[in-house]
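Next come the chains, spelled out residue by residue.
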Amino acid sequence: MLIDTSTVGLIQVEEGTKILPPNIIITTFDKIINWGRLSSIWPTTFGLACCAIEMMAAGAAHYDFDRFGIIFRGSPRQADCMIIAGTVTKKMAPVVRRVYDQIPEPRYVVAMGSCACTGGIFRTYNTVQGCDTFLPVDVYVPGCPPRPETLLEGMMKLQEKIRHEQARWSPWR
Amino acid sequence: MAVVLTRISLPFKGLEPTEIAEKIKEKFPNEVVDVTNFRDQVSVIVKRGRIGDICRYLHDEPVLLFEHLQDLCGVDYHGKKEPRFEVVYNLYSIKYHHRIRVRAQVPENDSHIHTVTSIWAGANWHERECFDMFGIEFKGHPDLRRILLPEDWEGHPLRKDYPLKGPEPEKDWHGFTEVLTRSKELREFEWEG
């Protein structure tokens, strides 16, 4: 049965979302999918150096990542996001890449701290000069280490990025 | 209320560092090359040949009793001094609270020295690190593998003639270059928004 929307009272609550009282919501696939994704970013627990301590502090009660739906998962197969927290050494790079490869799509990478962004102070033989050399990084969080608020801001930037994605449903569109 | 702070008296009086150096010199007159004193830290520079005997003597002698190897590390004096390498033993006596530093000279060609793992078991990983970073071979070591770097890494990075920023990208450790090429190959399978 088709509803003639001109005669019933559709209420526009925001751009692209209309409500037909009492309980019908009309919106686009992008909006509902992006809303679901950004409200439940589950990062995999993966700490590499001192930034991991700040990441743990951000996840614990005081800064409380849970209120944004950000819950750390113990397995990459159950996660959507990876926070590269710390210095990536060349010996560790294959492991980091393997953990990333196990995350199901859609997946996101947050480079946390100077070392993960650029290599930081370690312009040396054993340090990867930025994890974007082998990972597609979405958000760079600077700092050495970044405060938990900074990481929180980075995660909110990631939420904004997810909110404006269009048709990210498969590799073939 | 008065609080009286007294210095805790040590039950066993140790030897002065210079006295310990004299004892080593007496026992091994042909082995000791030099004794240096920098701010009351006495170093005994020895030849590498009988390092096992010297360490055994320092460990077992009742008045010395160096039962604790605080640290074992290597030094590279590339272009500054001959012989090029030194292996440094920082020793401490838990009973007598005295300490000494023994430095064994190791030349550049044929850089090896005997292990001290049979005297202090803790030297095992220290010697592995020294081997990893300086390429000094410890003869008689039970398990001489690299401890920090990947096992197929080329070169010894704390040597002064090793490039500071690491090897050239094409000559880099193959495990890392494989990751770079694989990430390029997998790029097309990423979901694009």
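### Section: the overall build of chain A
The number of helices and strands found in chain A is 5 helices and 7 strands. When the helices and strands of chain A are placed in sequence order, the string is β-β-β-α-β-α-β-α-β-α-β-α. Taken along its principal axes, the extent of the C-alpha atoms in chain A is 70 × 40 × 25 Å. In chain A, once contacts between residues fewer than 6 apart in sequence are set aside, the share between residues at least 24 apart is 70%. With the model as given, the accessible surface of chain A reaches about 9,300 Å², and the carbon-plus-sulfur share is 59%. Between the centroid of the 18 positive side chains of chain A and the centroid of its 16 negative side chains there is a distance of 8 Å.

### Side note on empty space enclosed by the protein
Rolled over the atoms, a probe with the dimensions of a water molecule shows which regions are left empty. The final tally for this structure, using the stated rule, is 1 cavity of 30 Å³ or more. Space inside the largest cavity adds up to approximately 50 Å³. Class assignment of the residues belonging to the lining of the largest cavity gives a composition of 6 nonpolar, 5 polar and no charged.

### Section: the nonpolar core
By size, the foremost hydrophobic cluster in this structure holds 60 residues, and its most contacted members are A:Ile84, A:Phe134, B:Leu72, B:Tyr89, B:Leu91, B:Ile113 and B:Ile136. For this core, the element with the highest residue contribution is helix α2 (residues 51-60) of chain B, accounting for 5 residues. Not counting chain neighbours up to four residues away, the residues in contact with A:Ile84 comprise A:Leu48, A:Val96, A:Val109, A:Val110, A:Ala111, A:Met112, A:Ala116, A:Cys131 and A:Leu135. One finds A:Ile41, A:Met55, A:Val139 and A:Leu151 within the second-largest nonpolar core, a separate group that totals 21 residues.

### A look at the confidence of the model for chain B
Confidence along chain B averages 87 in pLDDT terms, with 94% of residues attaining 70 or more. Here the predicted complex carries an ipTM of 0.78, next to a pTM of 0.81.

### Things to note about the interface of chain B and chain A
Across the boundary between the two partners, chain B contributes 26 residues, which contact 25 residues of chain A. Interface area for chain B against chain A, summed over the two sides, is near 2,200 Å², with a carbon-plus-sulfur share of 63%. It is B:Phe176, B:Glu190 and B:Trp191 in chain B that bury the most area against chain A; as a group they hold 31% of the surface buried on that side. Our count for the contact surface shared by chain B and chain A stands at 3 salt bridges. Ionic pairing is found between B:Glu190 and A:Arg107, a salt bridge with its closest N-O pair at 3.5 Å. Summed over the shared surface of chain B and chain A, the result is 4 residue pairs in polar contact (both at pLDDT 80 or more). Ranked by the residues each element gives to the side of chain B that touches chain A, the list is headed by helix α4 (residues 174-185) of chain B, at 6 residues. Here the side of chain B that touches chain A is built from residues that sort into 16 nonpolar, 4 polar and 6 charged.

### Focus on unusual backbone geometry
Leave glycine aside and you will find that most residues have negative phi; peptide bonds, for their part, are mostly trans. A cis amide bond, omega -5°, links A:Glu105 with the succeeding residue A:Pro106. Among the structural elements, A:Pro106 can be located in the loop between α3 (93-102) and β6 (108-112). That bond from A:Cys144 to A:Pro145 is cis: its omega, -15°, falls within 30 degrees of zero. Following the sequence through the fold, A:Pro145 ends up in the loop between β7 (139-141) and α5 (148-163). Positive phi values are uncommon outside glycine, yet B:Arg39 reaches one of about 50°. Inspection of the secondary structure puts B:Arg39 in the loop between β1 (32-38) and β2 (41-46). Phi at B:His97 takes a positive value of approximately 60°, unusual for a residue other than glycine. Here B:His97 is to be found in the loop between β4 (85-92) and β5 (99-106).

### Quick look at α3(A)
Taken as a whole, α3(A) has its buried residues at A:Ala93, A:Val96, A:Arg97, A:Val99 and A:Tyr100. Along the long axis of α3(A), the arc covered by the buried residues comes to 160°, so they all point the same way. Buried residues in α3(A) make contact with β4 (43-44), β5 (81-85) and β6 of chain A together with α4 of chain B.

About the cut-offs
Residues numbered from 1 in each chain as written. Chains lettered and ligands numbered in written order. Predicted model: local features only at pLDDT ≥ 70, side-chain atom pairs only at ≥ 80, totals over all residues. Heavy atoms only, no water. Helix = DSSP H or I, 4+ residues; strand = E, 2+ residues; numbered from the N terminus. Contact = heavy atoms within 4.5 Å. Areas by Shrake-Rupley, 256 points an atom, 1.4 Å probe, with all protein chains shown as cover. Lys, Arg positive; Asp, Glu negative; His and termini not counted. Charge placed at Lys NZ, Arg CZ, Asp CG, Glu CD. 1 Å grid on protein atoms, 1.4 Å probe; cavity = no way out; pocket = protein on both sides within 12 Å on 5 of 7 lines; lining within 4 Å. Points joined across faces, edges and corners; volume = space filled by probe spheres on them. Nonpolar A, V, L, I, M, F, W, Y, C, P; charged D, E, K, R; others polar. Core = buried A, V, L, I, M, F, W, Y, C linked by side-chain atoms within 4.5 Å. Buried < 20%, exposed > 50% of the residue type's maximum accessible area, 1.4 Å probe, protein only. pLDDT = per-residue confidence, 0-100. Buried area = accessible area lost by both parts, 1.4 Å probe. Salt bridge = Lys/Arg side-chain N within 4 Å of Asp/Glu carboxyl O. Polar contact = N/O pair within 3.5 Å; in protein donor to acceptor, adjacent residues only side chain to side chain. Arc of directions from axis to C-beta.

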